[in-house]
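# Structure assessment
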Amino acid sequence: MKNLLITFSIIGGVCLSASAQNDVDALRYSFIKSGYTAKSLSLGGAVGSLGADIAAGGINPASLAQYKSGEVSFTVGLNNILNSSVYLENTKDENLFKANIPSFGIVFTHRKLEKGAPAKEGWVNVNFGMSMGRVADFNRIMSYGGVNNKNSMLDYFAERSN
């Protein structure tokens, strides 16, 4: 009984110190773009039922059945990030322009041939696809600092106490 009490006490202590995501984290990480190829972005992400797009394989794997020949696909993206900070009347602007590859994919196709023509009956097509898509980019490091000679935390506490 004593061992059971000690075990539950340890588990309870671990559970008290555990933390999870809050509502701000849930909103931050729930934003997903509607697609990552030019075709899927132009359709607003509605390529799952359309098929024959490498982005559709992640939404609906059955859409790979629309491929009649193999494909290699990649998309080039450009990010322009502009940050502006103001601290004690000091302004700092930072502009970052970088290129990336938001998607890359390949589809292999094997068609069954009968006398040099595509087969019409039975299992006529085998497709295998792999793709990578960037849905978000959290790769940013921003910092800004300065010396505040106008007031201190003591001034703030004194103001709050009155």
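Residues numbered from 1 in each chain as written. Predicted model: local features only at pLDDT ≥ 70, side-chain atom pairs only at ≥ 80, totals over all residues. Heavy atoms only, no water.

Turning to the overall build of the chain, a few remarks are in order. When you go through the chain residue by residue, the secondary structure sums to five helices and five strands. Its C-alpha radius of gyration of 28 Å places the chain more than 25% over the 15 Å reference for a compact globule of 162 residues. Its C-alpha atoms give the chain principal-axis dimensions of about 90 × 65 × 20 Å. Per-residue burial for the chain yields a buried fraction of 16% across its 162 residues. Residue pairs in contact within the chain that sit at least 24 positions apart in sequence constitute 47% of those at least 6 positions apart. Accessible area for the chain stands at about 12900 Å²; split by element, carbon and sulfur atoms hold 60% of it. (Helix = DSSP H or I, 4+ residues; strand = E, 2+ residues; numbered from the N terminus. Rg over C-alpha atoms; globule rule 2.2 N^0.38 Å. Buried < 20%, exposed > 50% of the residue type's maximum accessible area, 1.4 Å probe, protein only. Contact = heavy atoms within 4.5 Å. Areas by Shrake-Rupley, 256 points an atom, 1.4 Å probe, with all protein chains shown as cover.)

For the rest of this paragraph, the subject is the pairing of strand β1 (residues 71-87). Sheet topology places β1 next to strand β2 (residues 90-111); 16 bridges connect them, and they run antiparallel. Looking across to β2, one finds that Glu71 is bridged to Val107. Linking β1 to β2, which pair antiparallel, is a turn of two residues; within it Leu88 sits at a positive phi near 50 degrees. (Pairing = 2+ DSSP bridges.)

What follows covers the side chain of Asn125. Along the chain, Asn125 falls in strand β5 (residues 125-133). Relative accessible area serves as the criterion here: at 17%, Asn125 is assigned to the buried category. Looking at Asn125, its side chain comes within polar contact range of the main-chain oxygen of Tyr67, at 2.9 Å. (Polar contact = N/O pair within 3.5 Å; in protein donor to acceptor, adjacent residues only side chain to side chain.)

What follows deals with the confidence of the model for the chain. Mean pLDDT over the chain works out to 80, with 91% of the residues at or above the 70 mark. Looking across the chain, the model is least confident in helix α2 (residues 23-30), with a mean pLDDT of 71, and most confident in β5, with 88. (pLDDT = per-residue confidence, 0-100.)

Bringing the sheet that holds β1 into the picture now. Strand order across the open sheet formed by three strands is β1-β2-β5, with antiparallel pairing between neighbours. Edge strands, defined here as strands with exactly one partner in the open sheet, are β1 and β5. Each adjacent strand pair in this sheet contributes to an overall mean axis angle of 15 degrees, direction not counted. For β2 and β5, the ladder comprises nine bridges, and the chain directions are antiparallel. Each residue of the ladder has a partner; that of Arg111, found in β5, is Asn125. (Axes fitted to C-alpha atoms, helices over the stretch in contact; angles between N-to-C directions.)

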